Every structure is written in structure tokens, then in C-alpha cells.
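Each chain, letter by letter, is given below.
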Amino acid sequence: MSEIRFQEKEYNTDSLDAGLWKKIINLLGNQKKDLYWLFVFMLLVAVLDVVFPYLNKIAIDYFAIGKGTQGQLIGFGVGYLVLLAVQAFFVFKFIAQSGIVETDFSYYVRKTVFDKLQVLSYSYYDKTPTGWIMARMTSDVGRLAEIIAWSLVDMVWGLTVMVGITIVMLIVNWKMALLVLVVVPILAYISVWFQTRILKNYRLVRQVNSKITSSFSEGIAGAKTTKTMVLEEQNLEEFNRLTSEMREKAIRAAILSSLFMPIVIGLSAVSTGAILWYGGNQVLFYGLEFGTLMMFTQYANQFFEPLRQIARLLAELQMAQASAERVLSLLEEEPAIVDSDEVIAQYGTILEPKVENYPVMKGDISFEHVDFNYLPEEPVLVDFNLEVQAGQTIALVGETGSGKSTIVNLLCRFYEPVNGIVKIDGVDYKQRSLGWLHSNLGYVLQAPHLFSGTVKENIQYGRMEASMEEIMDAAKLVNAHDFIMKLEKGYDTDVGEGGGRLSTGEKQLICFARAVLADPKLFILDEATASIDTETEKVIQDAIDKVLVNRTSFVVAHRLSTIVNADVILVMKNGRILEKGNHDALMKLKGYYYRLYTNQFNENLQKELLKQK
Ligand SMILES: Nc1ncnc2c1ncn2[C@@H]1O[C@H](COP(=O)(O)OP(=O)(O)OP(=O)(O)O)[C@@H](O)[C@H]1O
Ligand SMILES: [Mg+2]
């Protein structure tokens with residue numbers, strides 16, 4: 001496979017990007033109404049949070065001290081109880097709704113990403129590590145769901161409570177309100193200062209931690225090499241450096257967290273103290289109602305809780321922006337290879353093909369002046385020309401990196417030529433749809449791939465409507481039937497994830513059976529230099545011979561017998577055709593192919609001789 005050149009972007013986590021979060025929320029699509037309901041319940045809870053201290057004031061001023069009657073008191077008590085019950089209900093609804101939104105978000109985003117992954121081109125998977133995509137699908141989406149369902153909503157709650165309290169305070173007594181509010185800017189500043197530093201340190205701890213883990217596993221996996229190279233001391237030093245770095249960062253985060261709380265408590269104490277001092281004077285000498293004073297102390301306490309939370313949430317949101325950007329970058333990725341509008345009008349899309357319009361493929365192929373590169377500045381094929389008649393077998397040989405897989409990638413339209421054209425049956429293949437090409441194409445990759453499921457299902461993927469007879473016929477043709485029957489449950493045996501329970505040779509045979517069943521006009525085999533025993537080798541060779549009959553085939557082969565029988569052998573070097581012709585012609589040439597053949601022939605001879613001893 002080609003080397004992976006993948007670079008993770010740097011993400012901005014220094015400032016809050018509202019547009020980004022709007023896009024993330026929009027991913028909820030139709031399910032956004034669940035989020036709106038969540039906000040509604042949240043707002044109702046917040047409003048009631050503000051109402052209760054005011055009710056307490058009434059209880060004190062009107063009933064405890066004032067002239068409220070017994071009857072009124074009962075009414076008030078009942079009303080108070082009802083409101084408490086209502087609030088309990090809203091809290092319940094809000095928590096349940098948060099759960100719904102969290103699940104919704106994970107579900108819809110994962111679904112959208114999965115749909116996207118189906119339409120993205122082959123090249124995307126070439127350059128993006130599977131692990132990266134998996135991490136986006138699982139941990140990043142999970143993290144965003146959590147933040148939207150809980151943190152974002154907490155923030156709305158906090159803001160509403162603060163605004164509500166401010167309004168009530170200003171209406172009741174604006175001078176005392178200012179006494180509470182004066183501390184707000186100071187506290188807000190301190191909160192933000194501390195929270196960003198605490199989170200930054202924790203993030204560093206996580207980073208160092210993952211470095212430690214990987215150095216750990218490298219140290220273990222490479223233990224033997226270390227021993228032979230006397231690297232123990234160096235390894236130990238590296239490990240000590242990383243662990244002490246982590247210790248330092250973790251301790252700093254812990255100290256910051258422990259400083260933050262006393263400061264907040266201290267500041268709210270100062271503000272409560274100011275209220276009590278000023279308000280107490282007012283009560284004693286200027287006739288301020290006692291309940292109002294009580295209400296203000298309660299509000300002062302309530303006011304600082306959300307403030308503290310908001311600082312934490314803002315910092316969290318900032319940190320999560322990297323997750324948000326990564327998920328969006330995956331969703332906004334455009335497939336590199338698409339059909340033109342005219343082609344789609346004629347032949348439909350991959351998901352909705354107009355099969356009735358598909359022309360029958362004969363199998364003539366021509367590459368005309370094809371230039372190709374994966375990366376600008378690094379040409380792989382230059383002015384590549386090739387003419388293939390329907391039914392011919394083309395063998396591609398050449399050293400690693402010479403461009404063999406690239407040629408078949410172009411033929412499959414996994415990539416398109418940078419210049420020049422590829423024609424199938426005399427027509428530029430861009431004038432027919434990807435669906436048409438791929439429905440006529442059988443491809444057995446370097447590493448044969450099976451899906452989890454039974455043997456039967458795996459062969460059936462070749463042609464979904466095939467009957468059991470046809471499936472067995474295909475298996476028999478490629479010599480897979482015998483080993484399948486020996487499996488525990490025959491055709492109904494589960495192959496395990498990725499076919500993990502079968503050997504490479506067996507997987508390959510099943511892939512051949514799948515290809516035979518599909519009966520494609522074009523067949524491509526990109527073989528790995530797998531070390532397979534001579535017995536299996538013969539079985540596979542025989543299977544290959546049968547698959548190649550009646551179709552245009554491109555074979556990147558390492559088995560001489562496959563190559564010897566090919567109609568045309570292309571010897572590739574640095575993206576150019578070094579030698580071209582059938583076996584006899586190339587042997588006469590006494591060039592690269594001649595040497596390759598005689599070397600491998602001798603090797604095989606040696607193996608046979610060794611076996612006989
Ligand atoms: N996805 C890719 N991105 C960038 N460069 C690539 C990519 N795939 C292949 N290349 C480069 O293109 C050149 C041709 O590679 P190709 O895979 O066609 O070689 P190959 O003949 O199939 O080799 P092998 O025998 O090892 O399979 C090499 O230099 C390789 O590094
Ligand atoms: Mg290759």
C-alpha cells in the first residue's frame with residue numbers, strides 16, 4: 001500500500017468561535033426541536049430559581065412580621081408547595097431532555113458521517129488513517145454531544161439566573177443591587193483566568209500521558225532490540241523525563257484548582273458582608289424590610305454559583321472546538337471524484353443508478369498519454385500509453401514503487417489522470433458513470449478483505465441475488481469448496497471480524513469465488529508477496545487461471561506462472577514501461593524480465609530440491 005502522508009491540522013482553541021458552534025448545532029437537523037424544548041425547560045427552572053427567594057421575602061415581611069392572615073398563609077403555603085412540585089417536574093424534564101439531546105446528537109451525527117464515508121472517494125481512505133476516522137466517529141462526536149446536551153444548556157441556565165436575579169434586585173432596591181453587582185467583574189475576570197489555566201494544564205497532562213503510553217508500548221514492543229543495542233539507559237532517561245513533566249503539570253493544575261475555590265468563596269463572603277452591613281443599617285435606621293435583606297443575601301449566594309460555572313464552561317467550549325472542527329472537516333470533505341451532471345442525468349448516481357441505461361461493457365481498454373501524480377511535483381506516470389483488447393490478460397511486474405498499483409487505481413477510476421484519457425470500449429471513461437464502471441469491475445486487493453458474516457454471505461456480495469447453487473459453483477470453480485466444507489458449519493461458518501478466523505490463502509480463495517460470481521468484464525488482482533506454502537500456492541494459481549478466463553484482466557503478480565501465461569507483460573520502472581511483450585519476446589530480450597525470471601526460477605528450483613531432501 002502507499003505510504004501514508006497525513007497531517008493533522010492545528011486547531012484554534014484560543015478564542016470562542018460562535019459560527020462553529022452554530023454549525024455543530026445545525027448538525028441536529030430536524031431534531032433541533034428537542035434542543036429547543038431542552039432550553040425551554042432550562043429557562044423555566046432558572047425562572048423558578050429566581051422566584052423562590054422572592055417568595056421567602058414575602059413570607060417573612062408579610063406573614064412572619066407583617067399582617068398576613070391565617071387563611072392567606074394557608075393559601076400561600078399551598079401555592080409554595082405547588083411551585084416546588086412544578087420545579088421538581090421541570091428539573092426532571094430537563095434532565096430527561098438532556099439525555100435525549102445527547103443521544104440524538106450522537107446518533108444523527110454518526111449517521112451523517114457514515115453516509116459521507118460511503119460517498120467519499122478511494123483516495124480519501126488512502127490518505128486518512130482509519131484510526132483518525134474512528135476517533136472522530138466515537139470520542140469527538142461523544143464529547144460534542146455531551147457538551148451540547150449539558151454544558152451549553154448549563155450556560156443558558158446560568159445566564160438566565162444571573163439576569164433574572166439582577167432584574168429583581170434592581171427593581172426591589174437598586175443601591176443594594178449595585179453592592180452585589182460590583183463584585184461581578186472582578187470575579188468574572190478571576191474565574192476566566194483560573195479556568196483557562198487549569199484546563200490548559202490538564203490538557204498538557206493528557207498530552208504527556210499519551211506520549212508516555214506510546215513510549216511505554218514502544219519500550220515493551222522493542223525490548224529485544226533495546227537489549228541488543230544497549231539502549232536501556234537512554235530509554236529510562238526518556239521515560240523519567242516524560243513522567244516528571246506530567247507530575248509537574250498535574251500538580252500545577254491541582255494547585256490552581258485548590259486556589260480558585262477559596263478565592264471565590266472569599267469574594268462572595270465580602271459581597272454578602274457588604275450587603276449585611278449596609279442592609280443591616282438600613283433595616284435598623286431607615287426602615288428597610290427585613291425580608292428584603294434576607295432576599296439579598298440569598299441572591300448574593302445564588303449569583304456566584306453560575307458565574308463560576310460559566311467560566312468553566314467557556315473554557316470547556318474553547319477546548320472542544322478542536323473536536324468540533326475535526327468532525328466538521330470530515331463532514332465537509334468533498335468526494336475527489338464525481339460524475340458530471342450530464343453523466344448523472346444519463347446513468348444516475350451510485351446510490352440511485354439508472355441501470356437500464358448502462359451500456360454493455362466489452363472490455364477494450366486504452367490509456368492515452370496519461371500523466372499522473374498523487375502529489376504535485378512528484379510525477380508517478382508520465383505519458384503512459386497502453387492498448388488492451390477485450391479478454392486479454394496484462395501482467396504488471398516491476399520493483400516496489402514503480403507504479404503498478406497506480407495503473408490499476410487509474411483504471412478503476414479511484415484516481416483520475418492528471419492529463420490524458422483512459423478509454424473503455426473507445427469512450428473516455430469519464431463520460432460513463434462510476435457506478436457503470438464499478439458494476440463491471442472485480443478487484444481482489446493486496447490484502448484480501450472479508451466482512452464479518454458467514455462464508456456464504458461473503459461470496460454472495462459478488463451478486464446479491466445469486467442462488468445457493470451458483471454460490472457453490474463459484475466456490476468449486478476456484479477450489480474453495482473443499483476447504484469450506486471442512487469448516488465447522490460449511491458455508492454457514494462465521495468468518496469472524498475481517499475474516500480473522502481464516503488464513504490469508506483461504507480468504508483469497510473466497511474473494512476469487514466472489515469475483516467469479518460477480519462475473520465482471522474487468523478483473524483486477526493486486527497480489528501481495530504473501531508467503532504461502534507451495535500446496536496453497538498451486539490451488540490459488542489454478543483459481544487465478546480460472547478467474548481470468550473471458551475477461552480483460554490486470555494482474556500485479558509475483559507468481560511466475562501467472563505472468564508467463566499473460567498476453568502482455570509490462571515491466572515497469574519509475575512509472576515508465578521498461579519492457580513490454582509476452583513471455584517469449586521478453587525472454588529473447590535478455591533484459592530485466594529475463595533476469596527476474598531466471599532468478600525466481602532458480603529460487604523455486606531450490607525450494608523444490610530442499611523439499612525433496
Ligand atoms: N496515496 C499516495 N500518495 C502519495 N504517493 C503515493 C500514493 N500511492 C503511491 N504513491 C507513490 O507513487 C509511486 C508508485 O506507487 P505504486 O503504489 O503504484 O507502486 P507499486 O508498483 O504498486 O509498488 P508495490 O509493488 O510496493 O505495491 C511510489 O513512489 C509511491 O510512493
Ligand atoms: Mg502496489
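Quick note: structure is the one above.
Residues numbered from 1 in each chain as written. Chains lettered and ligands numbered in written order. Predicted model: local features only at pLDDT ≥ 70, side-chain atom pairs only at ≥ 80, totals over all residues. Heavy atoms only, no water.

> Lay out helix H15 (residues 468–477) with the relevant residues and their values.
Of all the positions in H15, only Ile471, Ala474 and Ala475 are classed as buried. Angular distribution of buried residues about the axis of H15 spans 100 degrees; they occupy a single face of the element. Downstream of H15 by a residue or two, Asn479 has a phi angle that is positive, lying close to 65 degrees. (Buried < 20%, exposed > 50% of the residue type's maximum accessible area, 1.4 Å probe, protein only. Helix = DSSP H or I, 4+ residues; strand = E, 2+ residues; numbered from the N terminus. Arc of directions from axis to C-beta.)

> Summarise the side chain of Glu579; cite the residues concerned and give the values.
Residue placement: Glu579 occurs in strand S10 (residues 576–581). Contacts of Glu579, omitting those with residues within four sequence positions, involve Ile569, Leu570, Val571, Leu586, Leu589, Gly591, Tyr592 and Tyr593. (Contact = heavy atoms within 4.5 Å.)

> So, the nonpolar core: which residues are in play, and what are the values?
Ile24, Leu35, Phe105, Leu117, Ile148, Met169 and Phe296 are the most contacted members of the largest nonpolar core, which has 77 residues in total. Sorting elements by how many residues they give to this core places helix H5 (residues 130–172) first, with 18 residues. Discounting residues that sit within four places of it in the chain, Ile148 has contacts with Ile24, Ile25, Leu35, Val101, Phe105 and Val153. By size, the runner-up hydrophobic cluster in this structure holds 45 residues, among which are Ile459, Leu509, Ile540 and Val571. (Core = buried A, V, L, I, M, F, W, Y, C linked by side-chain atoms within 4.5 Å.)

> Tell me about the pairing of strand S2 (residues 379–388), residues and numbers included.
Look at any regular strand and the pattern is simple: side chains alternate between the two faces of the sheet. Here strand S1 (residues 365–373) pairs with S2 via six bridges, running antiparallel. Considered in S2, the bridge of Ser366 is made with Glu387. Counted between consecutive antiparallel strands, the loop separating S1 from S2 contains five residues, among which Glu377 sits at a positive phi close to 80 degrees. (Pairing = 2+ DSSP bridges.)

> So what about the packing of aromatic side chains? Which residues, and what values?
As enumerated under the stated definition, the model contains 22 aromatic pairs in all. Both rings, one in Phe414 and one in Tyr443, keep their centres 5.7 Å apart while their planes meet at 10 degrees; by these two values the pair is stacked. Separated by 29 residues along the polypeptide, Phe414 in the loop between helix H12 (404–411) and strand S4 (419–424) and Tyr443 in strand S6 (residues 441–444) bring together distant segments of the chain. For Phe414, a relative accessible area of 13% corresponds to the buried category. Connected via pairs of aromatic rings, a cluster forms that spans Tyr122, Phe372, Tyr374, Phe414, Tyr415 and Tyr443. Between Arg413 and the ring centre of Tyr429, over which it is positioned, the NZ or CZ distance is 5.7 Å. The ring of Trp436 carries the charged tip of Arg432 above its face, separated from the ring centre by 5.0 Å. (Phe/Tyr/Trp six-rings, centres within 6.5 Å; stacked < 30°, edge-to-face > 60°. Lys NZ or Arg CZ within 6 Å of the ring centre and 35° of its normal.)

> Break down the environment of Leu159 for me, with residues and values.
Within the secondary structure, Leu159 sits in helix H5. Separated by 116 residues in the primary sequence, Leu159 and Leu43 place their C-alpha atoms 9.7 Å from one another.

> I'd like a description of the sheet that holds S4, backed by residues and values.
Taken together, four strands build an open sheet; the order of strands is S2-S1-S4-S5 and the sheet is antiparallel. The outermost strands of the open sheet, each flanked by one partner alone, are S2 and strand S5 (427–428). Examined bridge by bridge, S1 and S4 share five bridges and lie antiparallel to one another. Residue pairing for S4: Glu368 is matched across the bridge by Ile421. Each of S1 and S2 is contacted by H12, which is oriented at about 115 degrees to S1, the strand it contacts most. (Axes fitted to C-alpha atoms, helices over the stretch in contact; angles between N-to-C directions.)

> Could you give an account of the pairing of strand S8 (residues 552–556), with specific residues and numbers?
Burial of S8 is extensive: five of the five residues sit out of reach of the surface. Where strand S3 (residues 393–398) lies against S8, four bridges are found, and the strand directions are parallel. Within S8, the residue paired with Thr393 across the bridge is Ser553. Note that strand S7 (residues 522–526) and S8 share five bridges and pair parallel. Paired with Phe523 across the bridge in S8 is Ser553.

> Any details on helix H9 (residues 232–286)? Residues and values, ideally.
With 55 residues, H9 ought to run about 81 Å at 1.5 Å a step, and its terminal C-alpha atoms sit 80 Å apart, in line with that. Following H9 by one or two positions, Gly287 has its phi on the positive side, about 70 degrees. (Expected span 1.5 Å × (residues − 1).)

> Which residues make up the sheet that holds S7, and what values do they have?
The sheet built from six strands is open, its strands ordered S6-S7-S8-S3-S9-S10 with mixed pairing. At either margin of the open sheet sits one strand with a lone partner, and together these are S6 and S10. Taking the axes of each pair of neighbouring strands and ignoring which way they run, one obtains an average angle of 15 degrees across the sheet. The strands that helix H18 (residues 534–548) touches are S3, S7 and S8; relative to S7, the one it contacts most, it runs at about 155 degrees.

> Got a sec to walk through the packing of helix H2 (residues 32–65) against helix H10 (residues 290–331)? Specific residues and values, please.
Orientation of H2 relative to H10, taken along the N-to-C sense of each, is 160 degrees, at an axis distance of 8 Å. On the basis of the axis angle, H2 is roughly antiparallel to H10. Our pair here, H2 against H10, has a crossing hand that is right-handed. Across the interface between the two elements, Asp49, Val50, Pro53, Tyr54, Asn56, Lys57, Ile60, Asp61 and Ile65 of H2 pack against Phe290, Gly291, Thr292, Met294, Met295, Gln298, Tyr299 and Gln302 of H10. Here the residues of the contact of H2 with H10 are counted per class, giving nine nonpolar, five polar and three charged. (Parallel < 35°, antiparallel > 145°, perpendicular 65-115°, else oblique. Left-handed = near helix turned anticlockwise from the far one by under 90°. Nonpolar A, V, L, I, M, F, W, Y, C, P; charged D, E, K, R; others polar.)

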